[in-house]
Amino acid sequence: MAALTASRALAPIGTAGKLFAFALDVARGLFRRPFQTREFFQQAWFIASVTIVPTALVAIPFGAVIALQVGGLIAQFGAQSFTGSASVLAVVREAGPIATSLLIAGAGGSAIAADLGARKIREELDAMMVLGIDPIQRLVVPRVLACMLVAVFLNGLVSVVGVMGGYVFNVILQHGTPGAYLSSFTALAQLPDLYQGMVKALVFGLIAAIVASYMGMNAGGGPKGVGDAVNMSVVVTFMLLFLVNFVLSALYIQLVPPKTG
């Protein structure tokens, strides 16, 4: 009984180690040839098609809520002229990458886990290995790169739509000045803020694809096992994304000094 309890307690550590080893295998597969160009473009198009509309719809309330909350808070200090700059900082540095990562993990990642899980229970992956084909290099690497590419573009979409939504709600609901909102963009924001958002989106896309691929390729127990793998991939990805987001934000604050108005 004690040994069983200890094994259950150490199971998450073993899973984390296997996931890290899987990520190393994916990194090694990036440099192996031939590169699956067709699979890469097919996966990129599929992930973009299932995430672009939800991302655009989610970005509007993100920008609106940020503009309303930030605008109301700044108005208490009598600094309404900085509403635009604060809203842009919040959207570009935090809201954009987070919204992108959640949708990439929820829509794209679940689709990847379901696809690879179905191949696993149909023993397609075993058949590929018998034929001397590496499933990681053939199936996982194109999906990882496609997720990273789509995440960067979706982050740009969220940033643009979120800033536009914040502008509309600030001007209409909070009676802000359009000129003050636009002119304050450069008061506190700087170009490295945009770079940080892009790097976050790239890393989040990488994590979502690796976790989804690992869970899918290790699914078992028939269709129920595939469903469990999809659910587990989404949960684990969300936990890792919030942790990595905190680490990247802390590093950015330490490395890049804030711009003073």
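Each chain has its residues counted from 1, running along the sequence as written. Predicted model: local features are reported for residues with pLDDT of at least 70 only, side-chain atom pairs are reported and counted for 80 or more only, and whole-chain, interface and lining totals are derived from all residues. Values shown for side chains rest on all heavy atoms present in the structure; no hydrogens or waters enter the calculation.

In the annotation of an unreviewed UniProt entry, the entry for the chain reads ABC transporter permease, and the organism field reads Nocardioides jiangxiensis.

Undergrad: Explain the nonpolar core to me, please; I cannot follow it from the model alone.
TA: In globular proteins that are soluble, nonpolar side chains generally tend to be buried together. The definition of a nonpolar core used throughout is a set of buried Ala, Val, Leu, Ile, Met, Phe, Trp, Tyr and Cys residues joined through side-chain atoms within 4.5 Å. Burial status follows relative accessibility: with a 1.4 Å probe on protein chains alone, a residue under 20% of its type maximum counts as buried, one over 50% as exposed, and anything between as partly exposed. Membership of the largest hydrophobic core comes to 41 residues, with the highest contact counts inside it found for Phe 22, Ile 104 and Val 140. What counts as a helix is a DSSP run of H or I of at least four residues, what counts as a strand is a run of E of at least two, and both are numbered from the N terminus. Taken together, the elements giving at least two residues each to this core come down to helix H1 (2-29), helix H2 (37-76), helix H3 (83-121), helix H4 (124-130), helix H5 (135-173), helix H8 (191-217) and helix H9 (223-255). Leave out the neighbours within four places in its chain, and Ile 104 touches Ile 47, Gly 109, Cys 147, Val 150, Ala 151, Leu 154, Gly 205 and Ala 208. Val 88, Val 91, Ala 95 and Val 163 belong to the second largest nonpolar core, which has six residues in total. Whether two residues touch is decided by their heavy atoms; if any such pair falls within 4.5 Å, the residues are in contact.

Undergrad: Please explain the environment of Ala 209 as it appears in this structure.
TA: Residue position: Ala 209 is located in helix H8. Using a relative accessible area of 0% as the deciding quantity, one classes Ala 209 as buried. Sequence separation between Ala 209 and Ala 105 is 104 residues, and the spatial gap between their C-alpha atoms is 7.6 Å. Ala 209 has contacts with Arg 143, Val 144 and Cys 147, leaving out every residue within four places of it along the chain.

Undergrad: Just checking my understanding: could you explain the UniProt feature "transmembrane region" (unreviewed entry) in the chain for this structure?
TA: UniProt positions are given in the numbering used here, feature names are shortened, and annotations may be inferred rather than shown by experiment. As annotated by UniProt and renumbered to match this structure, "transmembrane region" (unreviewed entry) occupies residues 45-66, 98-118, 139-169, 198-217 and 229-253. This span, residues 139-169, is 100% helix and 0% strand, and a straight line between its end C-alpha atoms measures 44 Å. Across residues 229-253 one finds 100% helix and 0% strand; the C-alpha atoms that close the span lie 36 Å apart.

Undergrad: When you look at the packing of H8 against H9 in this model, what are you seeing that I'm missing?
TA: Helices that pack against each other are described as a pair by the angle of their axes relative to one another and the distance between those axes. In this analysis an axis means a line fitted to C-alpha atoms, helices contributing only their contacting stretch, and an angle means the value between N-to-C directions, from 0 to 180 degrees. Closest axis-to-axis distance for the H8/H9 pair is 9 Å, and the angle between their directions is 155°. On the basis of the axis angle, H8 is roughly antiparallel to H9. H9 is crossed by H8, and the crossing has right-handed handedness. Of the residues in H9, those touching H8 at Pro 192, Asp 193, Gln 196, Lys 200, Val 203, Phe 204, Ile 207, Ala 208, Val 211, Ala 212 and Met 215 are Ala 229, Met 232, Ser 233, Val 236, Thr 237, Leu 240, Leu 241, Val 244, Asn 245, Leu 248, Ser 249 and Tyr 252. Each residue gets one label: Ala, Val, Leu, Ile, Met, Phe, Trp, Tyr, Cys and Pro are nonpolar, Asp, Glu, Lys and Arg are charged, and the others, such as Gly, are polar. Split by residue class, the contact of H8 with H9 holds 16 nonpolar, five polar and two charged. Angles below 35 degrees are treated as roughly parallel, those above 145 as roughly antiparallel, those between 65 and 115 as roughly perpendicular, and all remaining angles as oblique. Handedness of each helix crossing follows the sense of rotation of the near helix against the far helix: counterclockwise by less than a right angle gives left-handed, clockwise gives right-handed.

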